[in-house]
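Survey of secondary and tertiary structure
Next come the chains, spelled out residue by residue.
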Amino acid sequence: MTYIIAGATGTTGRAIATELARTDKVHLIGRDESALTELANHLDSSYSLIDIENPIPVKEFQQTVEIDEIKGLVNCIGSIYLRPLHGSTIEDFNNVVNTNLFSSFYLLSAFARRMKNGSAIFFSSVAATKGLSNHELISAAKAGIEGMARSAAASYAKDNLRVNVIAPSIMDTNMSAKILSSEAAVEMSKSMHPIPKIGDISDILPVVTWLLSSESKWITGQTIHVDGGFSTLKPR
Ligand SMILES: NC(=O)c1ccc[n+]([C@@H]2O[C@H](COP(=O)([O-])OP(=O)(O)OC[C@H]3O[C@@H](n4cnc5c(N)ncnc54)[C@H](OP(=O)(O)O)[C@@H]3O)[C@@H](O)[C@H]2O)c1
């Protein structure tokens with residue numbers, strides 16, 4: 001059985017693929033051909049190339065993945081976008097929705113029917129739950145992922161395909177490098193969290209492996225907040 005990891009050349013995707021490849025087969029999905037082939041060679045895995053801004057028809061894409069039984073799908077394709085509504089264009093909105101929400105739709109619609117007894121995981125963000133200024137576009141896209149995942153969890157429960165979402169707060173990855181580029185910004189971000197730290201892959205990886213495993217066999221349609229309490233708690 002094989003796991004599909006999309007956004008495999010990003011920080012989170014690469015770490016998940018590397019961990020899973022220690023014991024299982026992985027199929028990598030990404031848009032950067034040279035980074036993807038390098039990682040696929042390193043992990044001895046297969047891969048499919050896709051730029052979600054310019055996707056091929058789902059049926060054609062399905063055929064690039066020559067796996068009968070897919071055990072898990074993890075979509076790490078995503079973006080960050082921090083600008084107010086009045087400073088954003090329709091193109092900005094479309095890009096954010098496309099990268100985050102459409103990628104999740106595209107991948108699940110491509111593979112759900114080959115995922116009996118499987119587990120699909122999508123990434124949302126704390127911004128889908130908590131009203132943070134200048135996060136309107138990313139909040140809309142990530143909240144859409146949470147809604148779509150709940151409905152898909154209901155649709156595919158008959159196949160024992162579980163669909164869950166992980167909603168992190170700010171993590172130390174490629175995506176947040178600019179935001180966390182100064183010591184002051186790091187300290188400010190830490191202090192906003194009841195457990196005052198920046199997230200990293202060690203916070204995410206155990207949740208991913210648990211959601212993919214049979215230990216979470218009765219968990220579906222859930223959004224798991226991995227955020228040091230930021231979405232729900234008020235620090236003293
Ligand atoms: N980092 C945070 O603070 C944070 C907080 C909350 C939620 N998240 C979510 O966590 C998930 C993982 O992100 P990360 O932090 O690991 O960031 P990352 O390292 O930037 O990974 C994002 C991935 O998305 C891929 N991608 C972006 N646009 C794409 C497109 N048009 N077509 C195909 N692939 C595309 C990137 O491809 P390339 O490798 O080619 O660039 C990269 O592999 C994302 O859904 C993100 O929104 C992150």
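See the structure above.
Residues numbered from 1 in each chain as written. Predicted model: local features only at pLDDT ≥ 70, side-chain atom pairs only at ≥ 80, totals over all residues.

Here we look at helix α7 (residues 201–212)
When the terminal C-alpha atoms of α7 are compared, their 16 Å separation across twelve residues agrees well with the 16 Å that a helix rising 1.5 Å per residue should span. When we look at burial in α7, the residues that qualify are Ile204, Val208, Leu211 and Leu212. Down the axis of α7, the buried side of the element spans an arc of 95°, and every buried residue falls inside it. Exposed and facing more than 90 degrees away from the buried side of α7 are Ser202 and Pro206. Of the surrounding elements, those touching the buried residues of α7 are β1 (2–6), α1 (11–20), β4 (70–75), β5 (119–123), β6 (162–168) and β7 (223–226). (Helix = DSSP H or I, 4+ residues; strand = E, 2+ residues; numbered from the N terminus. Expected span 1.5 Å × (residues − 1). Buried ≥ 20, exposed ≤ 12 C-beta atoms within 10 Å, placed from the backbone. Arc of directions from axis to C-beta. Contact = placed C-beta atoms within 7 Å.)

Side note on the environment of Lys178
On the secondary structure map, Lys178 appears in the loop between β6 and α6 (183–191). For Lys178, a count of 10 C-beta atoms within 10 Å corresponds to the exposed category. Once the C-alpha coordinates of Lys178 and Ser45 are considered, the two residues, 133 residues apart in sequence, prove to be 31 Å apart.

Digging into the sheet that holds β6
Think of a sheet as strands paired side by side through backbone hydrogen bonds, with each pair either parallel or antiparallel. Strand order in this open sheet of seven strands is β3-β2-β1-β4-β5-β6-β7, and the pairing throughout is parallel. A strand with exactly one partner marks an edge of an open sheet, and here the two such strands are β3 (46–49) and β7. Pairs of neighbouring strands in the sheet enclose a mean axial angle of 15°, with direction left out of account. Alignment of β1 against strand β2 (residues 25–30), held across five bridges, turns out to be parallel. Each residue of the ladder has a partner; that of Thr2, found in β2, is Lys25. Strands β2 and β3 of the sheet are contacted by helix α2 (residues 33–43), whose axis makes an angle of about 175° with β2. (Pairing = 2+ DSSP bridges. Axes fitted to C-alpha atoms, helices over the stretch in contact; angles between N-to-C directions.)

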